[in-house]
Amino acid sequence: MRHSITIFWRLKDNHYKIYVTKCRDCGKTSSFKRLRCPYCSSKNVEYLESKGLGELINYAISYYRTEGSEQYLPRVIGLVRLDEGSVVVGEVTDVDLSELSVGMRVEAVLRKYSSEDPNGLIYYGLKFIPVIKR
Amino acid sequence: MMVKTYVIGSGVTRIDRHYDKNYLALVDEAVSRALAASGLDVSDIEYLVVSTAFSETMLNQADPSTYIAQNLGFRNLKTLTVSSGEVSGAVALDYAHALIKAGKARKVLVVGFEKMSEYPSWVTNKAYTKILEYEVEGIKNVTPPDYAALIMSEYMRRYGVSREDVVKWSIKMHENAVKTPHAQLQFTISADSLGRALRISEPITMLDSHPVSDGAAALLVTDESATKKTGREPVEVVDVESSVNLPVYLRDDITYFSATAAAYKKLSTKNEIKLSKTTAVSVYDTYDIYGLLIIEALEICEIGKATKCLDELPFLNVSGGLKARGHPVGATPLYQVHELCELLSGASWAKYDGDVALAQVMSGPDNNAWLILLKRWA
Amino acid sequence: MRHPGSRTGIIGWGTYIPVYRIKAKEIARQWGFDDRITDSIWIEEKAVASADEDTVTMGWYAARSALVRAGVDPSRVGAVFVGTESKPYAVKPSSTIIADALGISTRKLSTDLEFACRAGSEGIRIAVSLVESGTIEYGLAIGSDTAQANPGDVLELTASSGAAAYLVGPANESVAFFEYLVTYVTDTPDFWRRDGSRYPTHGEGFTGEPAYFHHIVSAVNMLMSESGLKPSDFDYAVFHQPNGKFPLQVGRMLGFPKEKVLPGIVTPWIGNTYNASALLGLAKILENSKPGQRILVAPFGSGAGADAISVLVTEKVLEKVGRAPTVEELLSRKKYISYAEYAKFRSLIYRNLG
């Protein structure tokens, strides 16, 4: 079993949608649903659902081969600044290496993270693609 | 009267892919050398602190400290295993330091080991990725060299630094490794190979990244009472400091290692020291770009200018750093301390007459940074 | 005459076409077909799902666009149906994954449906009945497939990937309401896939006259005779489209001029998207339609059955077209790949795993 069923199921919120945690105390935003503000540790936080749109601020083209993810090489790993302000790290897919550019608009879409084990679970989660609607 | 702690002896193995030796054989080699250097016997040890990042993942061994004690043939002691990712060795040393300061032990054997070559690369790579946050990065196939690549791209863009500039770090590391008998990669490299170098995560290539390493390092850490027994000058472990950083994607500036900087501010204030270009430092260059950012965070070089000041640092990573000396993860920080002890006691190829030396250790891209301050025997 | 279903309509629609394309002639040459075959059935290129896409991921995108166009909160959707013949799991519904990923209410009916290429439209008919009976407020019907193409078989030229989704709700909120719906079903073994078999088997010529043509013609004739409508009452006719030629042929047989059929044809440029086939054609027409126009939609599924649905466009359609990517925008978003990349994406190459 590659990933725990329970872990993946429990993380659905953070995999099927991008949430932004906003701290009511220090005012800062951070990506993903968190129990506490990562900046000031306050529990006085609220969650916003991100529209999944943002700007690619940095990217790396990865040939690093890890067991179970060979089918998707090379991967593009990017830092995306969401329109809501906070930054997420994630894979950028459906993109030619030559069309990648810092500043390009991207949107989050549901894709497979891994499904190599033919008898195991298929792990779905969000990746980024060049935005379709401009 | 404040209790002081000392490294009275240390021993290491050559770093390599030791296909023919298991972890116990490597540990025995390092421990034998450390005991010989310190004039002590296995039966003198009160506490065995073992440091390893991946023994459970790759060697199927939980708590190897128990089995190391059994194999050393001495069981009348306390043992523990420190498994703290890439900073395991620093944590293990801090634990020994604290035990002695608290009066709970007087002679502690700290041993670090790792066997990164035990599996093919695609399995090792998956294990190494565990140093990042699983639920955020691991699950999404974000890996350690990807962060190094993002950070290198940002640094080059912001400060107008070229690839050739960055790889100067690796070139210097290899020059130092050639002079270091226990180093893994004892050959020089040149920027000319950049165009052909295998890419790991662009722009990070094999020329920028630490190798796959097996090794073991052992330190005898004691209070003042054992210092007379040694042939080599003991080195004082003055202080250990640490700080944690924000996740990479939440940092305002991914090119500034603020955890290393914060730990340095605490350490330098408390101990009234300031690093200069001629201070002996051993830093955690898992990738050349990280090495550059560390010396900027330690205020040895100006921000954005590390590549220009490399030639002015004669005692930086004299054994070749993680890049060329090697990176047997759980053992690496202990190699660093062993090498600084050699420098301070005159046993290194480099002739150093400074009073202090600093080891910097970190987890991934400065997620958790540790500093160990050492001082020459007075 | 008020027909059951006419109190319901399409509130929102959405589509998805993968970005990758492979030229049909490249496939033909790979296997030594006379490459003139592609012109004879009118297929130019087909859409290929990437290694990280499947029925669930494509269906999710189409459904999200449908909800965005509808402007309906996901918590008010009372049913989710996914019509597909390429379920990622033989047992575990795709519909629940898509539903949770879109934040749809847990209080709902939900299932995956199989009827070769027409399960998506059966899902529409079921959603219509649920809304009409007052059981649910809104129902989501999705047709999505990553069609299994047997390498070297003529169907490999056309079997492709895509998705379409329709949110069904009250007629007075709709962009187009269902004026009349019928379905004609028999046991006709023209095309099937046994459990465990990687690729379907088909009867080649038999899939034509006794299957595709007979069922579509029968369904449409049934609709015309019961409703009193004639081909001249319709502005458009969109059919299931296994290739570019068949819908033109069946349109001719039914008395529809070419100009009414061509606007709904998409297969020559994206291949046969199976459960999304006719529904993608319908979306393209909606995106170019005017209020008051009447559209005939006739999906077909092997095994075999066909629906005939008469849809009347309202003025609400105009403001919703631009809220999500259109079929034309998705058609123009493309990158060509080689047969080798296609083989990698579609797992045609055996790899020793583990």
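Model, not experiment: these values are computed from the prediction.

A.B. asks: Would you take a moment to explain the overall build of chain A for this structure?
C.D. replies: Within chain A, the secondary structure is distributed over 2 helices and 8 strands. Helices and strands appear in chain A in the N-to-C order α-α-β-β-β-β-β-β-β-β. Along the first, second and third principal axes, the C-alpha atoms of chain A reach 45 × 35 × 25 Å. The buried share among the 134 residues of chain A stands at 41%. Sequence separation of 24 or more characterises 49% of the internal contacts of chain A that already satisfy a separation of 6 or more.

A.B. asks: Help me understand the overall build of chain C in this model?
C.D. replies: Counting secondary structure elements, chain C contains 13 helices and 15 strands. Here the C-alpha radius of gyration of chain C, 19 Å, is about what a compact globule of 354 residues would show, namely 20 Å. Across its three principal axes, chain C shows a C-alpha extent of roughly 55 × 45 × 35 Å. In chain C, buried positions account for 54% of the 354 residues. Put simply, 78% of the contacts in chain C that link residues at least 6 apart link residues at least 24 apart.

A.B. asks: Looking at this structure, I do not really get the nonpolar core. What am I missing?
C.D. replies: Generally speaking, soluble globular proteins have nonpolar side chains that are buried together. If you look at the biggest cluster of nonpolar residues, it comprises 256 residues, and the most contacted ones within it are Val110, Val111 and Ile372 of chain B together with Ala165, Val168 and Ala298 of chain C. With 9 residues, helix H3 (residues 55–70) of chain C is the largest single contributor of residues to this core. When residues no more than four places from it in sequence are discounted, the contact partners of Val111 of chain B are Val27, Ala30, Val31, Val50, Ile68, Ala216 and Ala218 of chain B. Within the second largest apolar cluster, 6 residues are counted, among which are Ala53, Met116, Val212 and Val329 of chain B.

A.B. asks: Can you walk me through the domain arrangement of chain C in this structure?
C.D. replies: A common measure of how large an interface is: the accessible area buried when the components associate. Residue and element names in this part refer to chain C. Domain parsing of chain C yields domain 1 (8–175 + 323–345) and domain 2 (176–313). Once you take the C-alpha centre of each, domain 1 and domain 2 turn out to be 16 Å apart. Counting residues at the interface gives 47 residues for domain 1 and 43 residues for domain 2. Within the residue set of the side of domain 1 that touches domain 2, elements represented by two or more residues are strand E1 (8–16), strand E3 (45–48), helix H5 (119–132), strand E6 (138–146), strand E7 (161–170) and helix H12 (327–332).

A.B. asks: Got a minute to help me understand the arrangement of the chains in this structure?
C.D. replies: Comparison of the 2 pairs of chains in contact shows the highest number of contacts for chains A and B. Over all C-alpha pairs, chain B and chain C never come within contact, reaching a minimum spacing of 10 Å.

A.B. asks: In this structure, what is going on with the sheet that holds strand E2 (residues 20–23) of chain C? I would like to understand it.
C.D. replies: Across a sheet, paired strands are connected by hydrogen bonds in the backbone, their directions being either parallel or antiparallel. Taken together, 3 strands build an open sheet; the order of strands is E3-E2-E15 (chain C) and the sheet is mixed. Since the sheet does not close on itself, it has two edges, and those belong to E3 and strand E15 (335–336) of chain C, each with one partner.

A.B. asks: Looking at this structure, how should I read the pairing of strand E5 (residues 199–202) of chain B?
C.D. replies: Here strand E4 (residues 53–62) of chain A runs beside E5 of chain B; their pairing, made up of 2 bridges, is antiparallel. Across the sheet, the residue bridging to Ser62 of chain A is Ser201 of chain B, located in E5 of chain B. Note that E5 of chain B and strand E6 (residues 204–205) of chain B share 2 bridges and pair antiparallel. By the bridge assignment, Arg199 of chain B is partnered in E6 of chain B with Thr205 of chain B. Linkage of E5 of chain B to E6 of chain B, two consecutive antiparallel strands, is achieved through a turn of 1 residue.

A.B. asks: Quick question: what am I supposed to make of the interface of chain B and chain A here?
C.D. replies: In this assembly, 28 residues from chain B lie in contact with 26 residues from chain A. Of all the secondary structure elements, the ones that give two or more residues to the side of chain B that touches chain A are helix H5 (121–128), helix H6 (134–138), helix H7 (144–159) and E5 of chain B. Take the side of chain B that touches chain A: its biggest share by element is 6 residues, from H7 of chain B. The residue inventory of the side of chain B that touches chain A, partitioned by class, reads 13 nonpolar, 7 polar and 8 charged.

A.B. asks: Please clarify how the confidence of the model for chain C should be interpreted in this entry.
C.D. replies: Regions with low pLDDT should not have their predicted coordinates read in detail. Within chain C, residue pLDDT values average 96, and 99% of them lie at 70 or more. Model confidence for the complex is summarised by a pTM of 0.94, with the ipTM given as 0.94.

A.B. asks: Whenever I open this one, the sheet that holds strand E1 (residues 19–23) of chain A confuses me. Can you help?
C.D. replies: All names here are of chain A. If you walk across this open sheet you meet the 3 strands as E2-E1-E3, and the pairing is antiparallel. Each having just a single partner strand, strand E2 (29–31) and strand E3 (45–49) make up the two edges of the open sheet. Here the average twist between neighbouring strands, direction ignored, is 30°. Pairing geometry for E1 and E3, over 5 bridges, is antiparallel. Bridged to Tyr19 within E3 is Glu49.

A.B. asks: What's the story with the interface of chain C and chain A in this structure? I'm lost.
C.D. replies: With 19 residues of chain C in contact, the opposing surface of chain A contributes 17 residues. Among the elements that make up the side of chain C that touches chain A, the one with the highest residue count is H3 of chain C (4 residues). Among the residues forming the side of chain C that touches chain A, the class breakdown is 10 nonpolar, 2 polar and 7 charged.

Basis of the calculations
Residues numbered from 1 in each chain as written. Chains lettered and ligands numbered in written order. Predicted model: local features only at pLDDT ≥ 70, side-chain atom pairs only at ≥ 80, totals over all residues. Helix = DSSP H or I, 4+ residues; strand = E, 2+ residues; numbered from the N terminus. Buried ≥ 20, exposed ≤ 12 C-beta atoms within 10 Å, placed from the backbone. Contact = placed C-beta atoms within 7 Å. Rg over C-alpha atoms; globule rule 2.2 N^0.38 Å. Core = buried A, V, L, I, M, F, W, Y, C linked by C-beta atoms within 7 Å. Domains from an automatic or database assignment. Pairing = 2+ DSSP bridges. Nonpolar A, V, L, I, M, F, W, Y, C, P; charged D, E, K, R; others polar. pLDDT = per-residue confidence, 0-100. Axes fitted to C-alpha atoms, helices over the stretch in contact; angles between N-to-C directions.

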